[in-house]
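# Structural features, examined
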Amino acid sequence: MAAAGVNGDVPVVNVFSMNCWGLKYIAKHRVARLNEISLRIARATPSHDIVALQEFWVYSDYLNLREKTRGVLPYGKFYFSGAIGGGLVILSKWPIEQSSMFRYPLNGRPTAVHRGDFYVGKGVACALIRHPSGRTIEIFNTHLHAPYEEQDTYLCHRTAQAWEIAKLLRGAVQKGSVVIGAGDFNMIPSSLGHRLISTHGLVSDSWLSANPNTPDIHPPGASAQYNIETMGATCDSVLNTWRMPGDTLPPPDTVDPYGKRLDYVFHSPTNSSIRAIKVGMTEPMDMPSQTGGKGGAGRNCTLSDHFSVEVQVALAPNYEQQQALAAAKNPSPIPTDSLVDIAGPARAHEAKLTQQVGEKEREKYLPLGIIDEIVVVQREYTAQEIDEKRWRIAHFFASLPVLIAIHVVVWWTQHAAIAFMLVFVSWLVAVTGVINGLIGFIFLGSELRALTEFAEEMTLYRQLAERAASQSKFGGQEAGKGTFSIAYDS
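Not measured: the values here are computed from a predicted model. (Residues numbered from 1 in each chain as written. Predicted model: local features only at pLDDT ≥ 70, side-chain atom pairs only at ≥ 80, totals over all residues. Heavy atoms only, no water.)

## A closer look at the overall build of the protein
Defined as follows: Helix and strand assignments follow DSSP, with helices taken as H or I runs no shorter than four residues and strands as E runs no shorter than two, numbered in order from the N terminus. Summary of the burial criterion: residues with accessible area below 20% of their type's maximum are buried, those above 50% are exposed, and those between are partly exposed, where the area comes from a 1.4 Å probe applied to protein chains only. What makes two residues a contact is simply this: any of their non-hydrogen atoms within 4.5 Å. The Shrake-Rupley method, run with a 1.4 Å probe, gives the accessible areas here. Residue values count only the displayed protein chains as cover.
Check the secondary structure of the protein and you find 12 helices and 15 strands. In the protein, buried positions account for 55% of the 490 residues. A separation of at least 24 residues holds for 75% of the contacts in the protein among residues at least 6 apart in sequence. When the accessible area of the protein is evaluated, it comes to approximately 21200 Å², of which 57% is carbon and sulfur surface.

This is how it looks when you write it as structure tokens:
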């Protein structure tokens, strides 16, 4: 990447984003790895101007990060959300004038304790930074819900999350701010969420802005080096010690069947452009205690299970870059079997919903067919949650007479052992009944209302898209005029 600063008369901002895998008690070598990440951020050449980190859960790790980076990034914010924090951090070379934490209305289930998304309160960390040039830069840092399963039961939640951050990005663009949306989006470039963000959010994928002809999925037999340098793969690379198949790190030309791009930096093309972009933090660190198990046996380990994304953003539009992206021809659709092998069944299914098209420059609205697919996803998931709410509430009310009956039997029984067993059973009935009652009345009630809100917003969006399509078809007024219009040329 070229040196930071001003390129001609145009200021250039260096942006860094990384999922740091900093789960307390679970992430191996957490303290040492996050300390090394902090040191490398502090020593980076050219220095980073804005840093967005995900899965930076532990506040003591954040304090260490601030201590190490204060000389180059004197301003920072750790964002608090949920029961154990959102894991989001933003650092800046310039003062943060405003900050807020937007929590996603749909964000996992309380019953999925082992996944934790519901309890960490995932959302969007927002910061407004005043650049020395006088421009306002708005940063949006996020971590979307992962698929986890082959049958992606969280697709509706992740799509709703993409819609929410797209609205935040869109609002900032319409205010005239330079907008940067960074994070672990848990989606491949041809996914439903990517299409939503790049279209409704009025932003472009920085990697595609710099490399418009990049295919969405790497070709069969691609090497790890090719996936990183050409495809921008940040996750599941065989060059990552937490993902490699053997005990030692393979050479860069090793075939990398699962490497994919899940981490992104989006930017507003109306007032910014991309000078350079790369995948970073690929070099392992020394870790003498790493002699086996997950992470390999080579006495070193990669800094996280993700690599970083490092971008040089010029604070001026580049119309040639936009035209190149608009002119880039989408590759022929990848056979479903190949897509499943590389991206997994859940992400392959999501890419199928968009016909494997992740971004179209100057697209003002999603095609009606894709909007209908989103509505179908929402309706199917809603029907599933309505059924779950019914049986959980039914269990709650059914437990009441059962508890009364058990207590009556305990009162009349003459055998201590039987009484003890009945009391134990009544305890189980009471606890499970109360838990299901709380989930049914509170969580599922709240979730169904959030789903209804999402559905109504998509209905409004579809009406606007349909009107715009009709106007375009009959040569009418400019599509999308009004509240949801996109002013690319202003």
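Having seen the structure, we can now continue with the description.
## What about the pattern of salt bridges?
Convention followed: Here, a salt bridge means any Lys or Arg side-chain nitrogen found within 4 Å of an Asp or Glu carboxyl oxygen.
Enumeration according to the criterion identifies 17 salt bridges in this entry. Between Asp305 and Arg243 there is a salt bridge, and its shortest N-O distance comes to 3.4 Å. You can see Asp305 sitting in the loop between strand S14 (300–301) and strand S15 (308–314) and its partner Arg243 sitting in the loop between helix H7 (224–229) and strand S11 (263–267), a full 62 residues away along the chain. For Arg243, a relative accessible area of 35% puts it in the partly exposed group. Of the charged contacts, one joins Arg392 and Glu388 as a salt bridge, the two residues approaching to 2.8 Å between their closest N and O atoms. Within this pair, Arg392 and its partner Glu388 are both found in helix H11 (residues 368–412), separated by four residues, close to a single helical turn. Each of the two residues, Arg392 as well as Glu388, counts as buried. When salt bridges that share partners are traced, they join Asp236, Arg243, Lys260 and Asp305 into one network.

## Some thoughts on helix H4 (residues 155–174)
Test applied: Take the number of residues in a helix, subtract one, and multiply by 1.5 Å to get its expected span.
Between the first and last C-alpha of H4 there are 28 Å, a value that for 20 residues agrees with the 28 Å anticipated at 1.5 Å per step. Looking at the residues trailing H4, positive phi occurs at Gly176, about 95 degrees.

## Overview of the packing of aromatic side chains
Working definition: an aromatic ring pair is given by the centre-to-centre distance plus the angle between the planes. The criterion, for reference: Any two of the Phe, Tyr and Trp rings considered here, Trp counted by its six-membered ring, make a pair once their centres fall within 6.5 Å; the pair's planes then place it as stacked at under 30 degrees, edge-to-face at over 60, or tilted in between. A ring is scored as having a charge over it whenever the NZ atom of a lysine or the CZ atom of an arginine sits within 6 Å of its centre and within 35 degrees of its normal.
For the structure shown, the criterion picks out 18 aromatic pairs. Taking 5.6 Å as the distance between ring centres and 40 degrees as the angle between the ring planes, the aromatic pair formed by Tyr59 and Tyr62 counts as tilted. Of this pair, Tyr59 and Tyr62 both sit in helix H2 (residues 59–69), three residues apart, which is roughly one turn of the helix. What makes Tyr62 buried here is its relative accessible area of 6%. Ring centres of Phe118 and Phe443 lie 5.4 Å apart, and the angle between their planes is 90 degrees; this geometry places the pair in the edge-to-face category. You can see Phe118 sitting in helix H3 (residues 117–120) and its partner Phe443 sitting in helix H12 (residues 416–473), a full 325 residues away along the chain. Classification of Phe443 by relative accessible area gives buried; the value is 13%. The ring of Tyr79 has Lys77 lying over it, and the distance from NZ or CZ to the ring centre is 4.6 Å. Here Arg109 stacks its cationic end above the ring of Tyr154, 4.6 Å away from the centre of that ring.

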